[in-house]
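# Observations on the model geometry
Spelled out from the first residue to the last, the chains are:
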Amino acid sequence: MTLAVRDTQLRELMDDPACDLTRLHTTLRRFSVVNRLVSGWGAVYRSRVAPYLRGLGRPARVLDLGCGGGDVIARLAALARREGLVAEWVGVDPDERALAVARRYAGLGIRFEATDSAALRAAGERFDVVISNHVLHHLDQAAFAAFRDDSLALVEGGSRGLVLHGDIARGRLAYGLYAVGITPLAPGSFLRTDGLRSIRRSYTGPELATALGTGWRVERPAPFRVLAVAGGRRA
Ligand SMILES: C[S@@+](CC[C@H](N)C(=O)[O-])C[C@H]1O[C@@H](n2cnc3c(N)ncnc32)[C@H](O)[C@@H]1O
């Protein structure tokens, strides 16, 4: 096994439509713990999301594309609410199995819909901020390009709005630390197998910058993380 190159042939167990539903739901629920520990969205909220929302001076529309179990948008919504920032929060995912878990946050003023980036774009939807977490590394080349372009179109081509795609940065240390650290959370879930496969499928910062092309910046918001940023200029 090498981490020198992306292993794009690996499939994650949770991506199998026939996978065990109990294990899948356990995995999605425990993402809330894993994401809070490793995904760096607290720092991204403080450095990127909150300043942007404050600067708008009006209620914003914020979209989480591929929201999975919904914990990332729920966390951002809670942080914003705490400082009095008003926004409409929308989480979408084409996978109804994930939305069944995400809807536990629906009472917190977040709307969840079973749809995807292409359908939202085709419907002419527009948002001020579009985010995703752990989606990019899942996608093959064509799906990656479509997802990237859809996310930009949803904030009007980056001429308005902010796009932030967070993901894992592939590396040996990330792999070794995750293999050990996930042990208490792994039983009854796909977290060990899929987490390690995710790291092997993930991009390094320079690889992600090349895949995204012009108009994007790739930052390192936290250890073992990459953040793809586009737009951010206010109308
Ligand atoms: C590994 S999950 C990440 C879930 C969640 N964001 C998290 O961090 O826990 C990737 C999700 O992206 C969704 N997805 C894939 N392509 C998508 C698209 N074009 N639009 C919206 N969601 C998409 C999948 O259905 C899947 O639930």
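These remarks concern the structure in this document. (Residues numbered from 1 in each chain as written. Predicted model: local features only at pLDDT ≥ 70, side-chain atom pairs only at ≥ 80, totals over all residues. Heavy atoms only, no water.)

### A few points about the side chain of Ser151
Put simply, the rule reads: Helix and strand labels come from DSSP, where a helix needs a run of H or I of at least four residues and a strand needs a run of E of at least two; each type is numbered from the N terminus. Under the scheme applied here, a residue whose accessible area is under 20% of the maximum for its type counts as buried, over 50% as exposed, and between as partly exposed, the area being computed with a 1.4 Å probe on protein chains only. Under the rule applied, a polar contact is a pair of N or O atoms within 3.5 Å (in protein, one hydrogen donor and one hydrogen acceptor; residues adjacent in sequence only if both atoms are side-chain atoms).
With respect to the secondary-structure elements, Ser151 resides in helix H6 (residues 141-153). A relative accessible area of 0% means that Ser151 is categorised as buried. Of the polar contacts made by the side chain of Ser151, one reaches the backbone oxygen of Arg148; its length is 2.7 Å.

### What about the packing of aromatic side chains?
Just so we agree on the cut-off: A pair of aromatic rings is counted whenever rings of Phe, Tyr or Trp (Trp by its six-membered ring) have centres within 6.5 Å, and the orientation is called stacked for planes under 30 degrees apart, edge-to-face for over 60 and tilted otherwise. Look at NZ for Lys and CZ for Arg. If either is within 6 Å of the ring centre and within 35 degrees of the ring normal, a charge sits over the ring.
Tallying each qualifying case throughout the model produces one aromatic pair. Seen from their ring centres, Phe144 and Tyr203 are 5.5 Å apart, and the 45° between their planes marks the pair as tilted. Linking Phe144 in helix H6 with Tyr203 in the loop between helix H8 (191-201) and helix H9 (205-212), this pair joins segments that are 59 residues apart in sequence. In terms of burial, Phe144 and Tyr203 fall into one category: buried. Its guanidinium or amino end placed over the ring of Tyr203, Arg6 lies 3.8 Å from that ring's centre, counting from NZ or CZ. Arg61 extends its terminal NZ or CZ atom over the ring of Phe127, reaching a point 4.4 Å from the ring centre.

### Things to note about unusual backbone geometry
Backbone geometry at His134 places phi at a positive 60°, although glycine is not the residue there. Note on placement: His134 falls in the loop between strand S4 (129-133) and H6.

### Some details on the side chain of Ser189
For clarity, the threshold we go by: We call two residues contacting when some pair of their heavy atoms lies within 4.5 Å.
Counting through the fold element by element, Ser189 comes out in the loop between helix H7 (172-181) and H8. Taking the relative accessible area as the measure of exposure, Ser189 reaches 8% and is therefore buried. Within the local environment of Ser189, its side chain forms a polar contact with the backbone nitrogen of Leu191, the two atoms lying 3.0 Å apart. Leaving out residues up to four positions away in the same chain, Ser189 has contacts with Arg23, Thr26, Thr27 and Arg30.

### Digging into the site of the ligand
Note the following rule: Summary of the distance rule: residues count as near a molecule or strand when at least one heavy atom falls within 4 Å of that molecule or strand. Accessible surface is estimated by sampling points in the Shrake-Rupley manner with a 1.4 Å probe; for residues, cover comes only from the protein chains shown. Any residue that is not Ala, Val, Leu, Ile, Met, Phe, Trp, Tyr, Cys, Pro, Asp, Glu, Lys or Arg is counted as polar, Gly included; the first ten are nonpolar and the last four charged.
Around the ligand sit 16 residues, and of these Gly66, Asp93, Ser117, Asn133 and His138 come closest. Residue Gly66 places a main-chain N or O atom 2.7 Å away from a nitrogen atom belonging to the ligand. At 2.9 Å from a nitrogen atom of the ligand is found a side-chain nitrogen or oxygen belonging to Ser117. Across the complex, the protein chains shield 88% of the 600 Å² of accessible surface that the ligand would expose by itself. Across the shell around the ligand, the residue classes break down as six nonpolar, seven polar and three charged.

### Some words on the sheet that holds strand S7 (residues 225-233)
The line we're drawing: We call two strands paired when DSSP finds no fewer than two bridges between them. Axes here mean lines fitted to C-alpha atoms, for a helix over just the part in contact, with angles spanning 0 to 180 degrees between N-to-C directions.
Spatial strand order, S3-S2-S1-S4-S5-S7-S6: seven strands in an open sheet with mixed pairing. Both outer strands of the open sheet, strand S3 (110-113) and strand S6 (217-219), are each paired with one neighbouring strand and no more. Direction aside, the axes of adjacent strands within the sheet are offset by 20° on average. Note that strand S2 (residues 87-92) and S3 share four bridges and pair parallel.

### Focus on the state of the cysteines
Heads up, the condition is: Two cysteine sulfurs form a disulfide in these notes if their separation is within 2.5 Å.
Tallied over the full model, the rule gives zero disulfides. Among the cysteines around Cys19, which has no disulfide bond, Cys67 carries the closest sulfur, lying 16 Å off.

In short, the description is geometric, and any link to function would need to be established separately.
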